[in-house]
Amino acid sequence: MRQWIDKLREERTLRPEEFRQLLTECDGESLRYINKQAQEVSLRHFGNRIFIRGLIEVSNCCRNNCYYCGIRKGNPNLERYRLSTENILNCCKQGYGLGFRTFVLQGGEDPALTEERIEDIVSTIRRSYPDCAITLSLGEKSREAYERFFQAGANRYLLTYDKEHYQQLHPAGMSCEHRLQCLRDLKDIGYQTGTGIMVGSPGQTIEHLIQDILFIEQLRPEMIGIGPFLPHRDTPFAQSPSGTVERTLLLLSIFRLMHPSALIPATTALATLTPDGREQGILAGANVVMPNLSPQEERKKYNLYNNKASLGAESAEGLNILQQQLEKIGYQIS
Ligand code: SAH
């Protein structure tokens, strides 16, 4: 196993059959080894500094019905909300005071969040916080829409893409080709683009993972989000098991060795799956955390999966807790 891990660090890629072996035969010792290699690469590129991004969940209304997602249109047991522009600006104000310099606006594909409205929100934040980066994670839009948001001042866009078994995760009517086109448009327009996969989602095979790895290698995104699938009680996947910590950490390290300078978060999903998930993610090569800056009253309603963490070190107010946790493993907030 070590030979593939060393080769991956050296050459930043493997042949499909070598990836297959790594994914199927990685035992505890090999996992610790690859995690260590990935952590070293991350330390070499970024030092012991962890970037923080303030996550603002702008709306839990969505026109889509993705089988895995708790805010899917077909979930009747969810109190829907949408933040006003004023509300979003308040989150930014609070975040700025806490030291955040990147705001991530995430939400469902809410038809009421029109292009005009998003453009207006982005340009207002841009005017108020010229020294901050604005990341959007609002799903699939037209190229023109992405261009408008970019012109208004957005810098980055996150759009996960489980390419290989897309059809198993999304109902008819949503298309894998369109999501791919979105990623291409985003890069082309000049966004720093992020993609990623849910590890252990229902139907995902080793072959899917290999193809996803190779696809992301080609795409060369600036950001790569790797989190475990977690079931949500009101979705068709309610009874499906979660992805595992081990496989998530293995993939995280694989992506770090392949993409030394990428921004890779220790995701909220990983921190939800296991209490020290955030730290484990960092020790496996992650270099970003995204504490929750959404208004307290709405946090519970942005329920993508069961028990989603939004308190303590996952919350913007808990930055001192995060700081302490990071210090314990030898890191600091950037
Ligand atoms: N609508 C936007 C953003 C909202 S979803 C979009 O589609 O991109 C935000 C992130 O949560 C996505 O990256 C998705 O992969 C993840 N997510 C949603 N449901 C999840 C689940 N059940 N388990 C783990 N991650 C989930």
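Summary of the structure given here.

Rules used in this analysis
Residues numbered from 1 in each chain as written. Predicted model: local features only at pLDDT ≥ 70, side-chain atom pairs only at ≥ 80, totals over all residues. Heavy atoms only, no water. Helix = DSSP H or I, 4+ residues; strand = E, 2+ residues; numbered from the N terminus. Contact = heavy atoms within 4.5 Å. 1 Å grid on protein atoms, 1.4 Å probe; cavity = no way out; pocket = protein on both sides within 12 Å on 5 of 7 lines; lining within 4 Å. Points joined across faces, edges and corners; volume = space filled by probe spheres on them. Nonpolar A, V, L, I, M, F, W, Y, C, P; charged D, E, K, R; others polar. Expected span 1.5 Å × (residues − 1). Buried < 20%, exposed > 50% of the residue type's maximum accessible area, 1.4 Å probe, protein only. Near = heavy atom within 4 Å. Polar contact = N/O pair within 3.5 Å; in protein donor to acceptor, adjacent residues only side chain to side chain. Areas by Shrake-Rupley, 256 points an atom, 1.4 Å probe, with all protein chains shown as cover. Core = buried A, V, L, I, M, F, W, Y, C linked by side-chain atoms within 4.5 Å. Axes fitted to C-alpha atoms, helices over the stretch in contact; angles between N-to-C directions. Left-handed = near helix turned anticlockwise from the far one by under 90°.

The next point concerns the side chain of E298. For E298, the location among the structural elements is in helix α13 (residues 296-299). Ignoring anything within four residues of it in the chain, the contact list for E298 reads Y81 and L83.

Time to look at empty space enclosed by the protein. In total, this model carries 2 cavities of 30 Å³ or more according to the counting rule given. As a volume, the second largest cavity reaches approximately 40 Å³. Forming the walls of the second largest cavity are V58, I88, L105, L113, I118, I121 and L138. Partitioned by chemical class, the residues of the lining of the second largest cavity number 7 nonpolar, no polar and no charged.

Attention now goes to helix α3 (residues 28-46). Along its 19 residues, α3 runs 26 Å from first to last C-alpha, staying within 8% of the 27 Å computed at 1.5 Å per residue. Every buried residue of α3 is listed here: S30, L31, Y33, I34, N35, Q37, A38, Q39, V41, S42 and F46. Contacts from the buried residues of α3 go to α1 (2-11), α2 (16-25), β1 (49-52), α10 (245-258) and α12 (277-283). Two residues or fewer past α3, G47 is found with a positive phi of approximately 65°.

Time to look at the site of the ligand. Taken together, 16 residues sit near the ligand, with Y68, G107, T160, R179 and L230 positioned nearest. Backbone polar atom of Y68 to a nitrogen atom of the ligand: 3.0 Å apart, as the coordinates give it. Separating an oxygen atom of the ligand from a side-chain N or O atom of T160 is a distance of 3.1 Å. Considered on its own, the ligand offers 550 Å² of accessible surface; in the complex 87% of this is hidden by protein. Looking at the shell around the ligand, its residues break down into 10 nonpolar, 5 polar and 1 charged.

With that settled, consider the nonpolar core. Counting 102 residues, the largest nonpolar core has F103, L136 and I254 as the members making the most contacts within it. With 9 residues, α10 is the single largest residue contributor to this core. Setting aside residues no more than four positions away along its own chain, I254 makes contact with L8, F19, L22, L23, I34 and I213. Core analysis: the second largest hydrophobic core is formed by 8 residues, F46, L55, V104 and L263 among them.

Time to look at the packing of helix α6 (residues 143-152) against helix α8 (residues 176-189). Interhelical geometry of α6 versus α8 gives an angle of 35° and a closest axis separation of 10 Å. Crossing angle aside, the handedness with which α6 passes α8 is right-handed. The segment α6 lies against α8, with R143, Y146, E147 and F150 engaging C182, D185, L186, D188 and I189. Considered class by class, the residues forming the contact of α6 with α8 number 5 nonpolar, no polar and 4 charged.

Interpretation in functional terms is not warranted from these geometric data alone.
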